[in-house]
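Each chain, letter by letter, is given below.
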Amino acid sequence: MRLIAELPHPDCKISIFGMNQKFIIKFEQGNLEQSYKIAEVDIIGGVNGVFELLDEEFLKSVIDQFSLMRQSFNGAYSRYE
């Protein structure tokens, strides 16, 4: 897996990787992580097409999902204690 790009964002780290003719878009926030895979042939323009895919609406939904993930994990952890 090779790192193609890192994009600045105030709420999470965004990395784009290439592996086995796929783009892997990885979002990290603290100890949480989301990954999305898409075939290179499904993206027009290579990595620039991936940049276009990451519009504000999608990024907002990713950030919102981190919130839900954190709530789920914290709930599970509190039941564990």
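The following paragraphs examine the structure supplied in this document. Source: prediction; values computed, not measured.

Cut-offs applied
Residues numbered from 1 in each chain as written. Predicted model: local features only at pLDDT ≥ 70, side-chain atom pairs only at ≥ 80, totals over all residues. Heavy atoms only, no water. Pairing = 2+ DSSP bridges. Helix = DSSP H or I, 4+ residues; strand = E, 2+ residues; numbered from the N terminus. Axes fitted to C-alpha atoms, helices over the stretch in contact; angles between N-to-C directions. Contact = heavy atoms within 4.5 Å. Core = buried A, V, L, I, M, F, W, Y, C linked by side-chain atoms within 4.5 Å. Buried < 20%, exposed > 50% of the residue type's maximum accessible area, 1.4 Å probe, protein only.

Focus: the sheet that holds strand β1 (residues 2–7)
Read from one edge of the open sheet, four strands run β1-β2-β3-β4, paired in antiparallel fashion. Only two strands of the sheet have a single partner each, and these edge strands are β1 and β4 (32–39). Averaged over all adjacent pairs, the angle separating strand axes in this sheet is 20°, with direction ignored. Pairing of strand β3 (residues 22–29) with β4, which is carried by eight bridges, proceeds in the antiparallel orientation. Residue Lys-22 lies in a different strand from β4, and its bridge partner there is Ala-39. Along the sheet, helix α2 (residues 56–80) contacts β2 (13–19), β3 and β4; its crossing angle with β4, the most-contacted strand, is approximately 140°.

Remarks on the nonpolar core
The nonpolar side chains of a soluble globular protein tend to be buried with one another. Residues Ile-14, Ile-16, Ile-25, Phe-27, Val-50, Leu-54 and Phe-66 are the most contacted members of the largest nonpolar core, which totals 14 residues. Those elements giving two or more residues to this core turn out to be β2, β3 and α2. Excluding residues that lie within four positions of it along the chain, Val-50 makes contacts with Ile-16, Phe-23, Ile-25 and Ile-43.

Brief notes about the pairing of β2
Extensive coverage of β2 is indicated by the burial of five of its seven residues. As paired strands, β1 and β2 are joined by five bridges and run antiparallel to one another. By the bridge assignment, Leu-3 is partnered in β2 with Phe-17. Following β1, the chain reverses through five residues before pairing antiparallel with β2.

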